[in-house]
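Each chain, written out:
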Amino acid sequence: MSEETTAKSAAEEIKPSDAKETETFKKSDAVSTNSKKQKTKFNAEDVYLKCKKSVLKSCPWLEKFSVFFEKCGFPDMVMVRLLAVFFFFSGVNIYEMRSGNIYADSQWRDFVQNIDMGKSILYMAIGFIVLTIIHWIVPKKLRFSDHILAVGAIFYFNFTLLWKGMNLYLCISFAIVSAILVNYIIGALKKNHIEGMCRIPDKVCGIVVLAAAIFVGTVMSVFMILRDKCFETQCFDMGIFLQMYDHMADDLKPITTCERDFEMSHFKVHASYILYLLLPFYKIFSSPVTLHIAHSVLVMGGVIPLFLIAKKREIKGIPLIGICLAYCFSVGITGPLYYFFHENSFLPTLLMWLLWAVDNKKIPMFYIMSALVCFVKEDAPLFIICIGMYMFFEYKGEFKRIHGIIVSLLSGIYMISILNYLTEHGDGQSMSSSRFGHLMIDSTGGMSEVVKNSLSDPAYLISMLFNESTIQYLLAVMLPLLFVPLFTKKIHRYLLMMPFIITNLVIGFFYSGDDAHLSCHSKHFRNGRIQKTAASYTHGCSLYHHDFRNTNQIRLLYQQL
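Residues numbered from 1 in each chain as written. Predicted model: local features only at pLDDT ≥ 70, side-chain atom pairs only at ≥ 80, totals over all residues. Heavy atoms only, no water.

**Student:** Can you walk me through the overall build of the protein in this structure?
**Tutor:** Along the backbone of the protein there are 27 helices and 2 strands. Classification of the 561 residues of the protein by burial places 40% in the buried group. Of the contacts made within the protein by residues no fewer than 6 positions apart, 68% connect residues no fewer than 24 positions apart. Element-wise, carbon and sulfur atoms account for 67% of the exposed surface of the protein, whose accessible area totals about 32800 Å². (Helix = DSSP H or I, 4+ residues; strand = E, 2+ residues; numbered from the N terminus. Buried < 20%, exposed > 50% of the residue type's maximum accessible area, 1.4 Å probe, protein only. Contact = heavy atoms within 4.5 Å. Areas by Shrake-Rupley, 256 points an atom, 1.4 Å probe, with all protein chains shown as cover.)

**Student:** Help me out: how do you make sense of the pattern of salt bridges in this one?
**Tutor:** Opposite charge on two side chains permits them to pair, given that their charged atoms come into close proximity. Per the stated rule, a full pass over the model turns up 6 salt bridges. Between R81 and D146 there is a salt bridge, with the nearest N and O atoms lying 2.9 Å from each other. Taken together, the positions of R81 in helix α4 (residues 78-99) and D146 in helix α7 (residues 145-162) put the pair 65 residues apart, joining distant regions of the chain. D146 sits in the buried class, given a relative accessible area of 1%. Across the salt bridge formed by D359 and R313, the nearest N and O atoms sit 2.5 Å from each other. In this pair, D359 sits in helix α17 (residues 347-359) while R313 sits in the loop between α14 (303-312) and α15 (317-328), placing the two residues 46 residues apart along the sequence. Given a relative accessible area of 12%, D359 falls into the buried group. Residues joined by salt bridges that share partners form a network here, namely K312, R313 and D359. (Salt bridge = Lys/Arg side-chain N within 4 Å of Asp/Glu carboxyl O.)

**Student:** How should the side chain of S411 be read in this particular structure?
**Tutor:** By the element assignment, S411 lies in helix α20 (residues 401-425). The residues contacting S411, other than those within four sequence positions of it, are C374, P381, I384 and I385.

**Student:** Looking at this structure, I do not really get the nonpolar core. What am I missing?
**Tutor:** As a rule of thumb, nonpolar side chains are buried together in soluble globular proteins. In terms of nonpolar packing, the biggest core is built from 65 residues, with Y245, L275, L291, M300, F341, F346 and F366 touching the most fellow members. No other element matches the 8 residues that α17 contributes to this core. Contacts of F341, omitting those with residues within four sequence positions, involve D237, M238, F241, Y245, L275, L278, L291, H295 and F346. Counting 23 residues, the second largest nonpolar core, distinct from the first, contains V80, A84, I94 and F157. (Core = buried A, V, L, I, M, F, W, Y, C linked by side-chain atoms within 4.5 Å.)

**Student:** Explain the packing of aromatic side chains to me, please; I cannot follow it from the model alone.
**Tutor:** The relative placement of two aromatic rings is captured by the distance of their centres and the angle of their planes. According to the stated counting rule, one finds 18 aromatic pairs in the structure shown. Taking the centre distance of 5.3 Å and the plane angle of 35 degrees together, the rings of Y245 and Y282 count as tilted. Of this pair, Y245 sits in helix α11 (residues 235-251) while Y282 sits in helix α12 (residues 279-284), placing them 37 residues apart in sequence. Judged on exposure class, the residue Y245 and its partner Y282 are both buried. Relative to F341, the ring of Y245 lies with its centre 6.4 Å away and its plane at 70 degrees, an arrangement referred to as edge-to-face. One end of the pair, Y245, is in helix α11; the other, F341, is in the loop between α16 (331-334) and α17, with 96 residues separating them in the sequence. (Phe/Tyr/Trp six-rings, centres within 6.5 Å; stacked < 30°, edge-to-face > 60°.)

**Student:** When you look at α17 in this model, what are you seeing that I'm missing?
**Tutor:** Over its 13 residues, α17 runs 18 Å from end to end, which matches the ideal 18 Å to within 8%, given 1.5 Å per residue. Burial within α17 is extensive, with 11 of its 13 residues counted as buried. Taken together, the buried positions of α17 are L347, P348, T349, L350, L351, M352, L354, W356, A357, V358 and D359. At its buried positions, α17 is contacted by α13 (288-300), α14, α15, α18 (363-374) and α19 (381-394). The positive-phi residue at the C-terminal boundary of α17 is K361, with phi of around 55 degrees. (Expected span 1.5 Å × (residues − 1).)

Below, the structure written as structure tokens:
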């Protein structure tokens, strides 16, 4: 009996272990069956590769052709290559027809009839072959030439089509189509190519960005200098600054006689004390060319702090270059360059260095740049107030945020003081009424009247933000930026857009002073001869040309008139 009991107890002890083994066996069996099921799933890609390998092994000559086609980029690069040659030669056709005053959009019937389609197809076929050879020759790491050329061809096509065009909706439609095509082309890039583009050294990116800024600045400077040489320079505002700098070079007084048709200081119209910074250069080179070059340099100089800000935020390679190129070719940057020198040309560089100081928490630099921005114009402190408030909300829990409040208060006090000074001792009253007249009941009330009315009736203020003209302007500015400034979860970042909203949407981008419409061209004063036209009489001023910038000469000319 003792042996039986011991055997039973031993059997009972063995049963749990056997049960565990059976459970593990069942689990392993289930896993193996699942893996078999997974293995038995049909994979079309694997089947295609197997069939391809078997066919190539059976036909060696097909394998050679396959290797050759892969080196040429077939079939992956076919669509990208077709886009490149199609848009490039279409742009060439538009350029050739434009020289004969035939436009592709408004005169499309004449355009189509004058195009030799057979010749165009032949050129496209040759271009396709050339791109194929380039792709075959270059190393594998650099086989993204098709993508770059395709994007360049689309930009070239848009440039030739939209150059000097005034149809905003045409620009918007091509911007949308181009964005879709560029997105497809970028999506066709391989992962290693994208990673390689992002690993472009910062020095190379800096050289490319600097070259682009110099190119745009040089082109715009030469263009404006040639306009000046052709006597197409307007008195408002270029003539004012030329006459003013001539006087400043003699006795440091910013005297003008053409701004209000009598002798007065320019600083009684605008508090632009920043203009003294250019006086040493004008003293050495007393020429309109100095102001044209200074205009382009001051505007394009903002790309340097932008490059540093983007680099600090770990943006590298092509994205870094793209952001800086967006600045160089932005309509908000290049557009004002067509209107000759102005004190506002100081703002892009100063504001970008100010933002760089905020981003890097360089407090002394922050104060210096804030002071310089305030000296640009009487309404420029608005930028500092908004940036200071942004700084306060951005750096929570840090003592440095207090500097934002301090600078905002100081800028606000300076702005109110200088506007009161211009109203009482200068021409600030007429300037405020001309810009903010639609917000004033009493035209002599000044900016205090504007603030009071805006706070009393915010509904009227908001109603002016969007109408047909402001929406067109908003699209023209924001569409090239893909509305990126509007995409943020932090509400306080919209403080940085307040100057844009006030100066462009509230005042209206169609604003131009009444005197600007009476601008007098220097062509009335060629070779020192005065033509007694209505414009020359109203602004005998314009006598800002090389021989007519002296006040005594202008007085004598007025007597003759």
